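One-letter residues, chain by chain:
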Amino acid sequence: MINTTLNFKKAPGHQVLAAAGKKILRPGGRTATEQLFEWANFQPGETVLELAASFGYSAIALAQCFGVRVVGVEKNPESVARARENIQAAGLEGQVEIIEGDIFHLEAIPGQFDYVLAEAILTMQAIPGKEKILQGVRQKLKPGGKYLAHEVLVKNHEEQVHKTLSQVIRVNSTPLSLENWSSLCEKTGLNVQQYQTGAMNLLNPIQILRDEGVIDTLRIFWNVLTKPPIRERVLAMRRAFHQHREDLGYIVFCAIASEA
């Protein structure tokens, strides 16, 4: 169902894509996320904190696939309510919990975790915001715990890329280079151990089909074709990604929390 109350001209890009029916909103798609999970090597009973858990789809999938206990933090109360409904429908109330909270105040979340998962979250924050969130991530990880990240990578022309993305996505999107992602993590007590980079194919039809499946892909294309406000924004984002196709990509990395 299309969100008719959303102001499509001003809404952040991820909200527009979600309104079109897209569920996988990560720049490297399912394949990149699966690489993260391979590095994590989850064990049953371990604990995961997921940042910006949205409707709980990732948290539910983690619990079902790996037997981990997941706590998700989500700021939007409507998303929290929907996530809790999804968790109840999956019969996972004892294994998955969604807390209404702010990723800038992770100290409010009780306990420490074996993993913190954040996908396409830090890219949308300015540098000081990135650093504050990562400081909170370090505090929430047990010593030796793993921070699992999936973000946008910028290779060249960083200032121009930031300007273009901010205009079309309507948020202060500031992707970093591999070196800058690594140094920012190191500054906050997180040491990048493994990483992988690849092309930005978020709006590539082949990746959409791979990520969403046939039925949902057809639904997305139909909504884009028949809803002019959505079509205008999606095409603008696609043009921006194409314009900077040599400059943009995705990065996934696993960083280990320092012992100190």
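From a predicted model like this one, the values you see are computed outputs, not experimental measurements. (Residues numbered from 1 in each chain as written. Predicted model: local features only at pLDDT ≥ 70, side-chain atom pairs only at ≥ 80, totals over all residues. Heavy atoms only, no water.)

> Whenever I open this one, the overall build of the protein confuses me. Can you help?
A count of helices and strands for the protein gives ten helices and seven strands. For 260 residues, the compact-globule formula gives about 18 Å, and the C-alpha radius of gyration of the protein, at 18 Å, lands near that figure. Counting only C-alpha atoms and orienting by the principal axes, one finds that the protein spans roughly 50 × 45 × 30 Å. Split into buried and exposed, the 260 residues of the protein put 51% on the buried side. Pairs at least 24 residues apart make up 78% of the contacts formed inside the protein by residues separated by at least 6 positions. Of the roughly 12,600 Å² of accessible surface on the protein, 53% is carried by carbon and sulfur atoms. Each charge sign in the protein was given a centre, from 28 positive and 27 negative side chains, and these centres are 7 Å apart. (Helix = DSSP H or I, 4+ residues; strand = E, 2+ residues; numbered from the N terminus. Rg over C-alpha atoms; globule rule 2.2 N^0.38 Å. Buried < 20%, exposed > 50% of the residue type's maximum accessible area, 1.4 Å probe, protein only. Contact = heavy atoms within 4.5 Å. Areas by Shrake-Rupley, 256 points an atom, 1.4 Å probe, with all protein chains shown as cover. Lys, Arg positive; Asp, Glu negative; His and termini not counted. Charge placed at Lys NZ, Arg CZ, Asp CG, Glu CD.)

> Sorry if this is basic, but what is going on with the sheet that holds strand β1 (residues 47-51) here?
Sheet strands line up and pair through hydrogen bonds in the backbone, either parallel or antiparallel. The sheet built from seven strands is open, its strands ordered β3-β2-β1-β4-β5-β7-β6 with mixed pairing. Either end of the sheet is taken by a strand with one partner, and the two such strands are β3 (96-100) and β6 (190-199). The sheet shows a mean angle of 15 degrees between the axes of neighbouring strands, taken without regard to direction. Contacts from helix α7 (residues 178-187) reach β5 (141-154), β6 and β7 (248-257) within the one sheet, and its direction differs from that of β6 by about 155 degrees. (Pairing = 2+ DSSP bridges. Axes fitted to C-alpha atoms, helices over the stretch in contact; angles between N-to-C directions.)

> What should I look at first to understand the packing of helix α6 (residues 158-169) against helix α10 (residues 228-243) in this one?
Two packed helices can be described by the angle between their axes and the distance between those axes. Two elements in contact, α6 and α10, have axes separated by 9 Å at closest approach and are oriented at 170 degrees. In terms of their interaxial angle, α6 and α10 are classed as roughly antiparallel. Touching T164, L165, V168 and I169 of α6 are R233, A236, M237, A240, F241 and Q243, all from α10. A per-class count over the contact of α6 with α10 returns seven nonpolar, two polar and one charged. (Parallel < 35°, antiparallel > 145°, perpendicular 65-115°, else oblique. Nonpolar A, V, L, I, M, F, W, Y, C, P; charged D, E, K, R; others polar.)

> Looking at this model, I keep getting lost on the pattern of salt bridges. Mind explaining?
When the charged atoms of two side chains lie near each other, side chains of opposite charge can form a pair. Under the counting rule described, the total for this entry stands at nine salt bridges. E212 is the partner of K22 in a salt bridge, and the nearest nitrogen-oxygen pair spans 3.2 Å. With K22 in the loop between α1 (13-20) and α2 (29-40) and E212 in helix α8 (residues 205-212), this pair connects stretches of sequence that are 190 residues apart. For the pair formed by K22 and E212, the shared burial category is buried. The partner of E119 in a salt bridge is R26, with the nearest N and O atoms 3.1 Å apart. You can see E119 sitting in strand β4 (residues 113-119) and its partner R26 sitting in the loop between α1 and α2, a full 93 residues away along the chain. R26 matches E119 in its accessibility class, with the two residues each being buried. Within this structure, K23, D216 and R219 form a network of salt bridges that share partners. (Salt bridge = Lys/Arg side-chain N within 4 Å of Asp/Glu carboxyl O.)

> Teacher, can you tell me more about α2 here?
Every α-helix carries 3.6 residues per turn, so stepping three or four residues along brings you back to the same face. The end-to-end C-alpha distance of α2, which contains twelve residues, comes to 17 Å, matching closely the 16 Å that a straight helix rising 1.5 Å per residue would cover. Of the positions making up α2, those classed as buried are G29, A32, T33, Q35, L36, F37, W39 and A40. Each element contacted by the buried residues of α2 is listed here: α3 (57-66), β4, β5, β6, α8 and β7. (Expected span 1.5 Å × (residues − 1).)

> Please explain the pairing of β3 as it appears in this structure.
If a strand is regular, its side chains alternate between the two faces of the sheet. Pairing analysis gives five bridges linking strand β2 (residues 69-74) to β3, with the strands arranged parallel. Bridge pairing links V70 to V96 in β3. The handedness of the β2 to β3 crossover, carried by helix α4 (residues 77-89), is right-handed. (Right-handed = clockwise from strand over helix to strand, strands pointing away.)

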